[in-house]
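Survey of secondary and tertiary structure
Letter by letter, the chains look like this.
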Amino acid sequence: MSVFLRVLAFIFNILAVIVNEITNLIIPRRKPLYPAIDNPLLLKSVTELLTDLKEKKLTSEQIVTTYIARIKEVNARLNAVIENRFLEAIKEARHADNLISKAKDEVQLLMLFSQYPLLGIPFTVKEACAVKGLSYCVGSVARQGEKSPENGDAVELMRAAGAIPLLVSANPEYCLAFDGDTIVSGKCLNPYDMRRSSGGSSSGEGALNGAGATPFGLASDISGSIRLPSLFCGVFGHKPTGGLVPIKGHFPYSTRDEDFPYFLQMGPITRFAKDMPLLLQVMAGENAGKLKMTEPIDFNKLKIYYTYSMGSLVHVPVDFEIKLAITRAVKCFEKGGIATEELHFDEFQNAIEICLSSLASIKGLPSIVTQSTTDKPNKLELTQKIAQSLFGLAPYTTMPLFVELMILVNAFISSKEAAKWKEEVKHMRSKLANILGTNGVLILPTYHKTANFFNGCSLLNISGVVFMLLFNVLGFPATHVPMGLDRKGLPVGFQVVAAPYMDRLCLQVATEMEAAFGGWVQPQ
């Protein structure tokens, strides 16, 4: 146990509780300032759109142009788009329509969509995930104007499946913050309350999906960067098993750390749970067979474990309405005759030390200040940059600098302690995998509260990220599940975790919850 870290976390938690209560009382909600959805096409899942394309009830050009119009409607308010490729996307949609029109019968159509399972479906991409020819600055002033020379691996897999990228969307500087707020692009706003954050680091994907402005998004997650925006913006988001989805082309990226592809994963954000299995299979590429998606799930043998906290006073308290969402889900499964059990997992009490020591151990990431993986600023220089950034006197945002400083000082954890926590990770991974097995899932908070306000609230609430970061460290799959809106009109929900390569259990539970409670709710 690190006494310093626990005292620091306790102080942050006390401040967070006070600030959260005050801001909720004095800052009124600003409802969406963009039009509600009036085109039924925008309310169709990817699965339904594919059926309409196969039956020639819709064209890809209709889908693409409808979504482009919706993006323009909402982005004027949300500020979620970094750069678009709308003209190219329309041309590619016409090409897809031409391929479909040439299929003379049902057999040829079946063969065509077997080869291109997402043919004609548009999607959006987090800027950090690399779309050829589009912005690749990732919120950095020093990288402003930089374009991606090629598609990232995951984007290339989507393109090979026939999907059509529309744009790259907002993320914080170097993806190292929990708000989409950069000097380069400004604030990316929450579609449910435009005074609040859409989360990070997949900020734009959360906002666009929440506003019904994309069929699905491709995002990335190293410490909750898919799940947090999904919670804040009321949609589904899946962080796959560590190492499942290829991440080459992502920025930042490390070639010097063999664990990096297990910490960082790319996955889908979408309004519809039933779309995630197909999207994940495409993203997984040659690893898709490991998921065994076609194997049926025996619900009679499914076991639901749940917990409301990490079991320690140094972990930030969870909002009542998030706990209530978990309780509602558990009761729903119990009514269906499925076994449930509250999990008391003592090892969770050390989650702060485990997560921070693991994150601080990542090697080979470039510095925000120098852009180099080897020539990095010292502690004093970083501290000075943080102080300057607080007053707008440095061309950087504060939280990414704070994260870089924490990595530089090894999160105030000695090398001896770090070795101990590394062994604890192995123990925890093995023990939790044995508990969950091939038929168990764990339901727990994604984060301790609903969407944060801007201006420092995310930094104060940083310890809540442990709920998500722990499963990046362990390499377990995790899906955020929306469960409606709270009294303030903000999305609530929880995450579902399974053992490695049991992603299909997470996705199936998400689908069941969508059927029972409605899933995504349009902002109002």
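Quick note: structure is the one above.
Residues numbered from 1 in each chain as written. Predicted model: local features only at pLDDT ≥ 70, side-chain atom pairs only at ≥ 80, totals over all residues. Heavy atoms only, no water.

**Quick look at the overall build of the protein chain**
Let me state the cut-off plainly: Secondary structure follows DSSP: runs of H or I at least 4 residues long count as helices, runs of E at least 2 residues long count as strands, and numbering of each begins at the N terminus. When we talk radius of gyration, it's over C-alpha atoms, and the globule rule is simply 2.2 Å times the number of residues to the 0.38. For every residue, the accessible area (1.4 Å probe, protein chains only) is compared with the maximum for its type, and the residue is labelled buried under 20%, exposed over 50%, or partly exposed between those bounds. Contacts are assigned to residue pairs with any non-hydrogen atoms lying within 4.5 Å of each other. Counting rule applied: Lys, Arg positive; Asp, Glu negative; His and chain ends not counted. A charge is said to be at NZ when it belongs to Lys, at CZ for Arg, at CG for Asp and at CD for Glu.
Helix and strand counts for the protein chain stand at 18 helices and 13 strands. Computed over C-alpha atoms, the radius of gyration of the protein chain comes to 22 Å, within 12% of the 24 Å expected from 2.2 N^0.38 for 524 residues, which places it in the range of a compact globule. Counting the 524 residues in the protein chain, one finds 59% classified as buried. Contacts spanning at least 24 positions in sequence make up 77% of the contacts within the protein chain whose residues lie at least 6 apart. Seen as two clouds, the 52 positive and the 49 negative side-chain charges of the protein chain have centres 2 Å apart.

**Digging into helix α17 (residues 466–474)**
When you tally the buried positions in α17, you get nine out of nine residues, the bulk of the element. Taken as a whole, α17 has its buried residues at V466, F467, M468, L469, L470, F471, N472, V473 and L474. G475 occupies a position one or two residues after α17 and carries a positive phi of about 80 degrees.

**Digging into the packing of helix α12 (residues 351–360) against α17**
In plain terms, the rule: In this description, a line fitted to the C-alpha atoms serves as the axis of each element, helices being fitted only across the stretch in contact, and the angle between N-to-C directions of two axes falls anywhere from 0 to 180 degrees. Angular relationships are summarised with four words: roughly parallel below 35 degrees, roughly antiparallel beyond 145, roughly perpendicular across 65 to 115, and oblique for the angles in between. Crossing handedness is read from the near helix: turned anticlockwise from the far helix by less than a right angle, it gives a left-handed crossing, and turned clockwise, a right-handed one. We call Asp, Glu, Lys and Arg charged. Ala, Val, Leu, Ile, Met, Phe, Trp, Tyr, Cys and Pro are nonpolar, and the rest, Gly among them, are polar.
The interhelical angle for the contact between α12 and α17, taken along N-to-C directions, is 55 degrees, at an axis separation of 9 Å. Considering the angle they form, α12 stands oblique to α17. The interaxial crossing formed by α12 with α17 has left-handed handedness. In this structure, α12 uses A351, I352, I354, C355, S358 and L359 to contact α17, whose residues at the interface are V466, L469, L470 and V473. Partitioning the contact of α12 with α17 into residue classes produces nine nonpolar, one polar and no charged.

**With respect to the pattern of salt bridges**
This is how it is decided: Should a side-chain nitrogen of Lys or Arg be within 4 Å of a carboxyl oxygen of Asp or Glu, the pair is scored as a salt bridge.
With the rule as written, the count across this model stands at 18 salt bridges. Of the charged contacts in the structure, one is a salt bridge between R85 and E92, with a shortest N-O distance of 2.6 Å. Through salt bridges that share partners, R85, E92 and R159 make up one connected network.

**Quick look at the environment of D97**
Here D97 lies in helix α4 (residues 86–102). Separated by 426 residues in sequence, D97 and P523 place their C-alpha atoms 32 Å apart. Residues in contact with D97, not counting those within four places in the same chain, are T59, S60 and E61.

**Overview of the side chain of T479**
Going by this rule: Polar contacts, as used here, are pairs of N or O atoms within 3.5 Å; protein pairs need one atom able to donate a hydrogen and one able to accept it. Residues neighboring in sequence count only if both atoms are side-chain atoms.
Assignment of secondary structure puts T479 in strand β12 (residues 478–485). Residue class for T479 comes out buried when judged on its relative accessible area of 0%. For T479, the side chain forms a polar contact with the side chain of H238, separated by 2.6 Å. Once residues lying within four places of it in the same chain are set aside, the contact partners of T479 are G237, H238, M276, F494, Q495, V496, C506, L507 and A510.

**A look at the sheet that holds strand β10 (residues 339–342)**
By definition, the strands of a sheet pair up through backbone hydrogen bonds, in either a parallel or an antiparallel sense. The condition that has to hold: Each pair of strands is called paired provided DSSP finds at least two bridges between the two strands.
Taking strand neighbours across the sheet as the criterion, the eleven strands line up as β1-β3-β2-β6-β8-β7-β12-β13-β11-β9-β10 in an open arrangement whose pairing is mixed. Looking along the sheet, the strands with just one partner apiece sit at the ends: β1 (81–84) and β10. Strand-to-strand twist across the sheet, computed as the mean angle between neighbouring axes with direction ignored, equals 25 degrees. With five bridges connecting them, strand β6 (residues 217–221) and strand β8 (residues 265–270) associate as antiparallel partners. Bridge assignment links L218 to a residue of β8, and that residue is P268.

The analysis is restricted to geometry; functional conclusions fall outside its scope.
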